[in-house]
Amino acid sequence: MTLFEKIIYFTRNIFETQLYFLVMAFKENFRDYVSRAGRVDGSKKVMAVLGNGPSLKEEMEGLKKAVGEKDFMAVNFFAADDDFEELRPKYYVLSDPMFFRDTYMKERVMAFYRTLNEKVTWPMNLYVQYYNPEHFDYRSHLTNPLIRIVPFHTYRYDGFENVLFWLFRHGLGSANYGTVVQNGEYVALLLEYKEVELYGVDHTLLEGLTVDGENRLCRADRHYYDNGSEPVLKPMYQKVPHRPYTMAVYLDELAQLFRGHELLRRYADTRGAKIYNCTRCSMIDAYERK
């Protein structure tokens, strides 16, 4: 790195640091809600994070046999699946804006909250983004007293890595690099799990990409809870705001996503913890395979 490059590097990172603390002071705060809430009683050594990739179906029988040996963390719409009540995840993470903003998915989201209320018969921590511009009232929709709502910080720090890891350790960081699973990994590490296993985290996000005759980026998106229905090729839209992806925007988000996994691996190393990728078809190359 030349002297000029070093000057640019330090200038940019100092600016990012100042901006981060200003945003946190005025838009969020400096409370570690996750550590304050702590673990759910009877926690195990290993946290299994359940992504929504279709490969989760292949792992489900093995995961059911591990009930009582591992703690489970679910994300997004997993509660709508029959396996939810069998695995009884103690931890649940939501970070997609559709869960707290008025979007075209509103009816499905409201049905999901009703499902959580009905199905959860065990203590569970539900982690949600602190950022809530429309002041969505989670408690009014989640009246089940067994569900504890715990916010996690949203604003991402992109400055010096040692400062980032200090923020992570004190519950002030954010792993919003592009997928809810990364927020789940961060929560698990903050709760001091020494082994975090990832299932159903396919990340085969370049598979089946095409551009149609109207220059719309299209893909047949698949999830674990699709119930075997055939995926349909359709245009891809950003969730908030609801507008079409361009190839440039989509690839930029993917690069950020995979860099986020590399950062989380390095952070886990500093904590003496391991993140294992247990998804055989996964495109993530940052973690040790298991």
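Before reading further, recall that the structure is shown in the block above.
Residues numbered from 1 in each chain as written. Predicted model: local features only at pLDDT ≥ 70, side-chain atom pairs only at ≥ 80, totals over all residues. Heavy atoms only, no water.

Draft legend 1. The packing of aromatic side chains, seen in detail. Taken as a whole, this structure holds 27 aromatic pairs when the rule is applied. Seen in terms of ring centroids, Tyr 113 and Tyr 138 are 6.5 Å apart; in terms of plane orientation they differ by 90°. Their pairing is edge-to-face. One end of the pair, Tyr 113, is in helix H5 (residues 106-119); the other, Tyr 138, is in helix H6 (residues 138-141), with 25 residues separating them in the sequence. Tyr 138 gets classed as buried once you look at its relative accessible area, which sits at 7%. Cluster of aromatic residues (ring-pair linked, three or more members): Phe 77, Phe 78, Phe 84, Tyr 92, Phe 99, Phe 112, Tyr 113, Trp 122, Phe 136 and Tyr 138. (Phe/Tyr/Trp six-rings, centres within 6.5 Å; stacked < 30°, edge-to-face > 60°. Helix = DSSP H or I, 4+ residues; strand = E, 2+ residues; numbered from the N terminus. Buried < 20%, exposed > 50% of the residue type's maximum accessible area, 1.4 Å probe, protein only.)

Draft legend 2. Layout of the nonpolar core. Core analysis: the largest hydrophobic core is formed by 45 residues, its most contacted members being Val 34, Tyr 91, Tyr 127, Phe 168, Val 196, Leu 198 and Ile 275. At seven residues, the largest contribution of residues to this core is made by helix H8 (residues 180-190). Excluding residues that lie within four positions of it along the chain, Val 196 makes contacts with Met 47, Val 49, Ala 188, Leu 189, Lys 274, Ile 275 and Tyr 276. One finds Leu 87, Met 110, Ile 147 and Tyr 276 within the second-largest nonpolar core, a separate group that totals 36 residues. (Core = buried A, V, L, I, M, F, W, Y, C linked by side-chain atoms within 4.5 Å. Contact = heavy atoms within 4.5 Å.)

Draft legend 3. Quick look at the packing of helix H7 (residues 161-169) against helix H9 (residues 247-270). Their axes nearest at 11 Å, the elements H7 and H9 cross at an angle of 70°. Our classification of the angle between H7 and H9 gives roughly perpendicular. The handedness of the crossing between H7 and H9 is right-handed. For the pair H7 and H9, contact is made by Glu 161, Leu 164, Phe 165, Phe 168 and Arg 169 and by Leu 263, Leu 264, Arg 266, Tyr 267 and Thr 270, respectively. Counted by class, the contact of H7 with H9 contains six nonpolar, one polar and three charged residues. (Axes fitted to C-alpha atoms, helices over the stretch in contact; angles between N-to-C directions. Parallel < 35°, antiparallel > 145°, perpendicular 65-115°, else oblique. Left-handed = near helix turned anticlockwise from the far one by under 90°. Nonpolar A, V, L, I, M, F, W, Y, C, P; charged D, E, K, R; others polar.)

Draft legend 4. Focus on the sheet that holds strand E3 (residues 91-93). The eight strands lie next to each other as E5-E4-E3-E2-E1-E6-E12-E13, forming an open sheet whose pairing is parallel. Whereas interior strands pair on both sides, the edge strands pair on one side only; in this sheet they are strand E5 (147-152) and strand E13 (288-289). Pairing geometry for E3 and strand E4 (residues 124-129), over three bridges, is parallel. Along E4, the bridge assignment pairs Tyr 92 with Leu 126. (Pairing = 2+ DSSP bridges.)

Draft legend 5. The arrangement of H7 in detail. Among the residues making up H7, those that are buried are Leu 164, Phe 165, Leu 167 and Phe 168. For H7, the angular spread of buried residues about the axis comes to 155°, placing them on one side. Once H7 finishes, Gly 171 follows within two positions and takes phi at roughly 70°, a positive value. (Arc of directions from axis to C-beta.)

Draft legend 6. Quick peek at the pattern of salt bridges. Within this structure, the stated rule accounts for 16 salt bridges. In this structure, Lys 64 engages Asp 83 in a salt bridge whose closest nitrogen and oxygen atoms are separated by 2.9 Å. In this pair, Lys 64 sits in helix H3 (residues 56-65) while Asp 83 sits in helix H4 (residues 83-87), placing the two residues 19 residues apart along the sequence. A relative accessible area of 22% means that Lys 64 is categorised as partly exposed. Between Arg 216 and Asp 212 there is a salt bridge whose closest N-O contact spans 2.7 Å. Ionic contacts of the salt-bridge type, sharing partners, join the residues Lys 45, Lys 70, Glu 195, Glu 197 and Lys 290 into one network. (Salt bridge = Lys/Arg side-chain N within 4 Å of Asp/Glu carboxyl O.)

Draft legend 7. View of H5. End to end, H5 covers 20 Å across 14 residues, agreeing with the expected 20 Å (1.5 Å per residue, within 8%). Within H5, burial applies to Val 109, Met 110, Phe 112, Tyr 113, Thr 115, Leu 116, Asn 117 and Lys 119. (Expected span 1.5 Å × (residues − 1).)

Draft legend 8. Inspection of the pairing of strand E1 (residues 46-50) at higher detail. Burial within E1 is extensive, with five of its five residues counted as buried. Side chains of E1 alternate between two faces, with Val 46, Ala 48 and Leu 50 and Met 47 and Val 49 buried alike. In this sheet, strand E6 (residues 195-199) lies alongside E1 in parallel orientation, the contact comprising five bridges. Bridging from a neighbouring strand, Val 46 pairs with Glu 195 of E6. Relative to strand E2 (residues 71-75), E1 runs parallel, the two being bridged by three bridges. Along E2, the bridge assignment pairs Val 49 with Met 73. After leaving E1, the chain enters H3 and then returns to the sheet as E2, a path that is right-handed. (Right-handed = clockwise from strand over helix to strand, strands pointing away.)

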